[in-house]
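What follows is each chain in one-letter form.
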Amino acid sequence: MRYRKNVGDIGEDFAAKLLENSGFRIIARNFATKQGEIDIIALKDGVMHFIEVKTRTGSQYGYPSDSVTKIKQDRIRKAAKSYLSNRRLQWKSISFDVYEIMTDLIEDCM
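Each residue is numbered by its place in its chain's sequence as written, counting from 1. For this predicted model, a pLDDT threshold of at least 70 governs which residues receive local features, and a threshold of 80 or more governs which side-chain atom pairs are given and counted, while totals over whole chains, interfaces and linings are taken from all residues. Each side-chain value is worked out from all heavy atoms of the structure, with water and hydrogens disregarded.

A. Layout of the pairing of strand S4 (residues 94–102). Two strands form a pair only when DSSP identifies at least two bridges running between them. Under the scheme used here, helices are H or I runs from DSSP no shorter than 4 residues and strands are E runs no shorter than 2 residues, and both carry numbers assigned from the N terminus. Direction of pairing for strand S3 (residues 47–56) relative to S4: parallel, over a ladder of 9 bridges. What sits directly across from Met48, in S4, is Ile94. Handedness of a crossover: with both strands directed away from the viewer, a clockwise path from the first strand across the helix to the second marks it as right-handed. Handedness of the β-α-β unit built from S3, helix H2 (residues 70–86) and S4 comes out right-handed.

B. Looking closely at the pattern of salt bridges. When a carboxyl oxygen of Asp or Glu is within 4 Å of a side-chain nitrogen of Lys or Arg, the pair counts as a salt bridge. Evaluated as defined, the whole model comprises 5 salt bridges. With a shortest N-O distance of 3.1 Å, Lys70 and Asp74 are connected by a salt bridge. Pair noted here: Lys70 and Asp74 are both in helix H2, with a separation of 4 residues, about one helical turn. Relative accessible area decides the class of each residue, using a 1.4 Å probe on protein chains only: under 20% of the type maximum gives buried, over 50% gives exposed, and in between gives partly exposed. For Lys70, a relative accessible area of 55% corresponds to the exposed category. Within the structure, one salt-bridge network assembled from shared partners comprises Glu52, Lys54 and Lys72.

C. Layout of H2. Here H2 contains 17 residues, and its C-alpha end-to-end distance of 24 Å stays within 8% of the 24 Å for a straight helix at 1.5 Å per residue. If you check which residues of H2 are buried, you get Lys72, Ile76, Ala79, Ala80, Ser82, Tyr83 and Leu84. Here a residue-residue contact requires only that any non-hydrogen atoms of the pair lie within 4.5 Å. On its buried side, H2 packs onto strand S1 (25–32), strand S2 (37–44), S3 and S4. Note on H2: the residue one or two positions beyond its end, Arg88, has a positive phi of about 50°. By definition here, a helix of n residues has an expected span of 1.5 Å times n minus one.

Okay, here's the thing in structure tokens:
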């Protein structure tokens, strides 16, 4: 279990760096409620992005985004709604994104 968490942490850290290098402002990481969790919340060009990061060490089990099921999507939406309502925020433009990270590609970039 700890190994899987470490792989996930590596992917989330890498995704956050990519986002920042692309002009996103990270406003929260690992936001959790009873309804669900959001890995990264970021802003860019007036759009609030709720980002799920999925990391895999290889492709033997398919693409990382394959694990973002309808149930997981619903949880992310509920967590986003909670985030916005608890802070009394209103946004015209919201995006729900999935970042797929393959650890073998991270090694190639470093």
